[in-house]
Amino acid sequence: MNEEKAVPKNVTAQVGHPVYLHCIVDAFGDKMVSWIRLRDFHLLTVGLLTYISDDRFVIRHGTLQSNDWALQIKHVVLNDEVPVAEMVGQPDMFVRAGAVINLTCVISRSPESPAFVFWYHNNRMINYDYNSIGRGEISVQKDSSKSDAVISRLVIRSAKLHDSGNYTCAASNAQPTSLYVHVLQGEKRLSSRIQNDQPFNELNASDTNSGTSFTSLCSTYRSTHILLIFIIIALQTHFNKHSVFT
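Bear in mind the structure is a predicted one, so any value in this text is a computation, not a measurement.

**Student:** Help me understand the pairing of strand S13 (residues 150-156) in this model?
**Tutor:** Two faces, one strand: in a regular strand the side chains alternate between the faces of the sheet. Among the seven residues that make up S13, six are buried, leaving the element largely enclosed by the rest of the structure. Both strand S9 (residues 101-108) and S13 contribute to a ladder of seven bridges, which runs antiparallel. Residue pairing for S13: Thr 104 is matched across the bridge by Arg 153. Bridge count between strand S12 (residues 136-142) and S13: seven bridges; the pairing is antiparallel. Paired with Ser 139 across the bridge in S13 is Arg 153.

**Student:** Looking at this model, I keep getting lost on the pattern of salt bridges. Mind explaining?
**Tutor:** Any two side chains of opposite charge can pair, so long as their charged atoms come close to each other. With the rule as written, the count across this model stands at five salt bridges. Overlapping salt bridges, with partners in common, bring together Asp 54, Arg 56 and Asp 80 in one network.

**Student:** What's the story with the sheet that holds strand S6 (residues 69-73) in this structure? I'm lost.
**Tutor:** Within a sheet, each strand pairs with its neighbour through backbone hydrogen bonds, oriented either parallel or antiparallel. Spatially, three strands are ordered S1-S6-S5 in an open sheet, and the strand pairing comes out antiparallel. Strands with a single pairing partner mark the edges of an open sheet, and in this sheet they are strand S1 (19-21) and strand S5 (57-61). Averaged over all pairs of adjacent strands, the angle between their axes in this sheet comes to 30°, without regard to strand direction. Here S1 runs beside S6; their pairing, made up of three bridges, is antiparallel. Bridging from a neighbouring strand, Val 19 pairs with Ile 73 of S6.

**Student:** Please clarify how the nonpolar core should be interpreted in this entry.
**Tutor:** Considering soluble globular proteins, one finds that nonpolar side chains tend to be buried as a cluster. Core analysis: the biggest nonpolar cluster contains 22 residues, and Ile 101, Leu 103, Ile 107, Trp 119, Tyr 167 and Val 181 have the highest contact counts within it. Of all elements in the fold, only strand S7 (84-87), S9, strand S10 (117-121), S13, strand S14 (165-171) and strand S15 (177-184) reach the threshold of two or more residues within this core. Of the residues forming this core, the biggest block, four residues, is contributed by S9. Excluding residues within four positions of it along the chain, Leu 103 makes contact with Met 93, Trp 119, Ser 152, Arg 153, Leu 154, Tyr 167, Leu 179 and Val 181. Val 19, Phe 57, Leu 71 and Val 76 belong to the second-largest nonpolar core, a separate cluster that totals 14 residues.

**Student:** Is there a simple way to think about the environment of Asp 54 in this case?
**Tutor:** Counting through the fold element by element, Asp 54 comes out in the loop between strand S4 (49-50) and S5. Between the alpha carbons of Asp 54 and Ile 73 there is a distance of 9.8 Å; along the sequence they are 19 residues apart.

**Student:** Teacher, can you tell me more about the pairing of S14 here?
**Tutor:** S14 sits mainly inside the fold: six of its seven residues count as buried. Of the pairings in the sheet, the one linking S10 to S14 comprises five bridges and is antiparallel in character. When the sheet's bridge partners are listed, Phe 118 is paired in S14 with Ala 170. As paired elements, S14 and S15 share five bridges and run antiparallel to each other. In the strand pairing of S15, Asn 166 is matched with Tyr 180. Once S14 ends, the chain turns through five residues before running back antiparallel as S15.

**Student:** What am I meant to see in the side chain of Thr 45 here?
**Tutor:** Looking at the secondary structure, you find Thr 45 in strand S3 (residues 42-46). Under the relative-accessibility criterion, Thr 45 is labelled buried at 0%. The contact partners of Thr 45, leaving out residues within four places of it in the chain, are Val 33, Ser 34, Trp 35, Thr 50, Tyr 51, Ile 59 and Leu 71.

**Student:** Is there a simple way to explain a nonpolar patch on the surface in this structure?
**Tutor:** On the surface, Ile 36, Phe 41, Leu 43, Leu 49, Tyr 51 and Phe 116 cluster together into a nonpolar patch covering about 570 Å² of accessible area. Note that Phe 41 resides in the loop between strand S2 (34-37) and S3. On the accessibility criterion, Phe 41 (47% relative accessible area) is partly exposed.

The rules behind these values
- Residues numbered from 1 in each chain as written.
- Predicted model: local features only at pLDDT ≥ 70, side-chain atom pairs only at ≥ 80, totals over all residues.
- Heavy atoms only, no water.
- Buried < 20%, exposed > 50% of the residue type's maximum accessible area, 1.4 Å probe, protein only.
- Helix = DSSP H or I, 4+ residues; strand = E, 2+ residues; numbered from the N terminus.
- Pairing = 2+ DSSP bridges.
- Salt bridge = Lys/Arg side-chain N within 4 Å of Asp/Glu carboxyl O.
- Axes fitted to C-alpha atoms, helices over the stretch in contact; angles between N-to-C directions.
- Core = buried A, V, L, I, M, F, W, Y, C linked by side-chain atoms within 4.5 Å.
- Contact = heavy atoms within 4.5 Å.
- Patch = residues over 30% accessible without salt bridge, like charges linked within 9 Å, V, L, I, M, F, W, Y side chains within 5 Å.
- Areas by Shrake-Rupley, 256 points an atom, 1.4 Å probe, with all protein chains shown as cover.

Without other data, these values stay purely geometric and don't point to any function.
Structure representation (structure tokens):
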């Protein structure tokens, strides 16, 4: 079953008005299309049947075309909003080795807490990694300032170079959100990065290029020096032979 890319992923609706959520799929044999509400994993429809007592939800097969399995919400209410997860801060975080990595994930539009919040480092789920070794912890709690928001925090103490990588916050009721952490070795490089606002890749590139230039200059100097020695030896030999034969 393949979903068409032309179908919008985000739909805006006005409270009190109807909205259609389109799902266009290819031929799928004896299988059926189901709609599930991500907020609480409530099964809404299976095929043409409705599995929720809320009569606002109706399946409309063939709305746009023959393979469109659209879900109609007859009149939208605020509670129909899908929760959204966002990382606090920029897409890239720079941390000095030995410092604390503190990541905050806010799940908004979520009247109820998600069933779970999983954290991933690259492709590995790390919810139980740091508690066992005493290097960090993960917390999930309601936002005291907003009734429909939940905050999850990941804290990693004594950051190491191998802690660099992509960190993903995956709540049960929202799409995952990610942030990339760069653990840098040494205060000098970190302060230079912050003061100059130089991208991490450029920082590494400039360091590497400087080293390469120095090596090339050094190699050129040594090659020139050796060549001069050979020239001097050759001249001395030539003059010595000339003085002997004359």
